[in-house]
Amino acid sequence: MVLSYSVVDPLHLHISGRGNFGLFAGTYFYFPKLTGKMIKNETWGALNFFLMFVGASIIFFAQEVAGVYGMPRRYADYPNIPELVSAHHWMTVGAYIFALGVLLTLIHWFYSMFAGEKAPRNPYGSPSLEWAKTDSPVA
């Protein structure tokens, strides 16, 4: 039995997609606690999320289309089926968009580390212990 790319798509969407977005969201949330500086511009954070979301959606939708057309997994060379070639091109476009979002996120974090204003002890006014009981950044 040959499994198609329809198996690859949900696995990567749920593990890679959700894991990466959770990692980036957690880093944005705990950025003041980690660095002692506030995020410089929240609009950049929204733009970075949008780019990464669109890029990931294009990648995984193209994988699903390739699976529907019968592209097998774990082959070194795929048959020259026009639908598969088009799906691979779209996966590449999605990967570049996702990579642009990640690159802009990293630039935004480094810029905020040096140009951001000093974070107060509890920047979000949260009653939870990680904000109320320790300084930012944690020494």
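All figures in this text were calculated on a predicted structure; none of them were measured in a lab.

Colleague: Could you clarify how one ought to interpret the packing of helix H1 (residues 5-35) against helix H3 (residues 82-115) in this entry?
Modeller: Taken N-terminus to C-terminus, the directions of H1 and H3 make an angle of 10°; their axes are 11 Å apart at the nearest point. One element, H1, and the other, H3, form an angle in the roughly parallel class. For the pair H1 and H3, contact is made by Tyr-5, Asn-20, Phe-21, Phe-24, Thr-27, Tyr-28, Phe-31 and Thr-35 and by Met-91, Phe-98, Val-102, Thr-105, His-108, Trp-109, Ser-112 and Met-113, respectively. Of the residues belonging to the contact of H1 with H3, the class tally is 10 nonpolar, six polar and no charged.

Colleague: What am I meant to see in the packing of helix H2 (residues 42-68) against H3 here?
Modeller: Geometry of a packed helix pair, given as the angle between the helix axes and the separation of the axes. For the pair H2 and H3, interaxial distance at closest approach is 8 Å and the crossing angle is 160°. With respect to each other, H2 and H3 are oriented roughly antiparallel. Crossing of H2 against H3: the hand is left-handed. Partitioning the contact of H2 with H3 into residue classes produces 18 nonpolar, eight polar and no charged.

Colleague: What is the right way to read the confidence of the model for the chain from this model?
Modeller: For any part of a model where pLDDT is low, the fine detail of the predicted coordinates should not be relied upon. When pLDDT is averaged along the chain, the result is 85, and 97% of the positions lie at 70 or above. The secondary structure element of the chain with the lowest average pLDDT is helix H4 (residues 129-132), at 77, and the one with the highest is H3, at 92.

Colleague: Any chance you could explain the packing of aromatic side chains here in plain terms?
Modeller: A complete count under the given rule lists seven aromatic pairs for this structure. Seen in terms of ring centroids, Phe-21 and Phe-53 are 6.5 Å apart; in terms of plane orientation they differ by 55°. Their pairing is tilted. With Phe-21 in helix H1 and Phe-53 in helix H2, the pair connects residues that are 32 residues apart, well separated along the chain. Note on Phe-53: relative accessible area 44%, which makes it partly exposed. In this structure an aromatic cluster arises from ring pairing among Phe-21, Phe-49 and Phe-53.

Colleague: Explanation requested: the side chain of Gln-63 in the structure shown.
Modeller: With respect to the secondary-structure elements, Gln-63 resides in helix H2. Look at Gln-63 and you get buried, because its relative accessible area is 9%. When neighbours within four sequence positions are excluded, Gln-63 is seen to be in contact with Tyr-5, Val-8, Asp-9, His-12 and Met-91.

Colleague: When you look at the nonpolar core in this model, what are you seeing that I'm missing?
Modeller: In a soluble, globular protein the nonpolar side chains are often hidden away together inside. Among the nonpolar cores identified, the biggest contains 11 residues, and these are Phe-21, Phe-24, Tyr-28, Phe-31, Ile-39, Met-52, Ala-56, Ile-59, Phe-60, Phe-98 and Trp-109. Secondary-structure elements contributing two or more residues to this core are H1, H2 and H3. Among all residues touching Trp-109, those that are not within four sequence positions of it are Phe-24, Thr-27, Tyr-28, Phe-31 and Ile-39. Listed in part, the eight residues of the second largest apolar core include Tyr-5, Val-8, Met-71 and Ala-87.

Quick notes on the rules
Residues numbered from 1 in each chain as written. Predicted model: local features only at pLDDT ≥ 70, side-chain atom pairs only at ≥ 80, totals over all residues. Heavy atoms only, no water. Axes fitted to C-alpha atoms, helices over the stretch in contact; angles between N-to-C directions. Helix = DSSP H or I, 4+ residues; strand = E, 2+ residues; numbered from the N terminus. Parallel < 35°, antiparallel > 145°, perpendicular 65-115°, else oblique. Contact = heavy atoms within 4.5 Å. Nonpolar A, V, L, I, M, F, W, Y, C, P; charged D, E, K, R; others polar. Left-handed = near helix turned anticlockwise from the far one by under 90°. pLDDT = per-residue confidence, 0-100. Phe/Tyr/Trp six-rings, centres within 6.5 Å; stacked < 30°, edge-to-face > 60°. Buried < 20%, exposed > 50% of the residue type's maximum accessible area, 1.4 Å probe, protein only. Core = buried A, V, L, I, M, F, W, Y, C linked by side-chain atoms within 4.5 Å.

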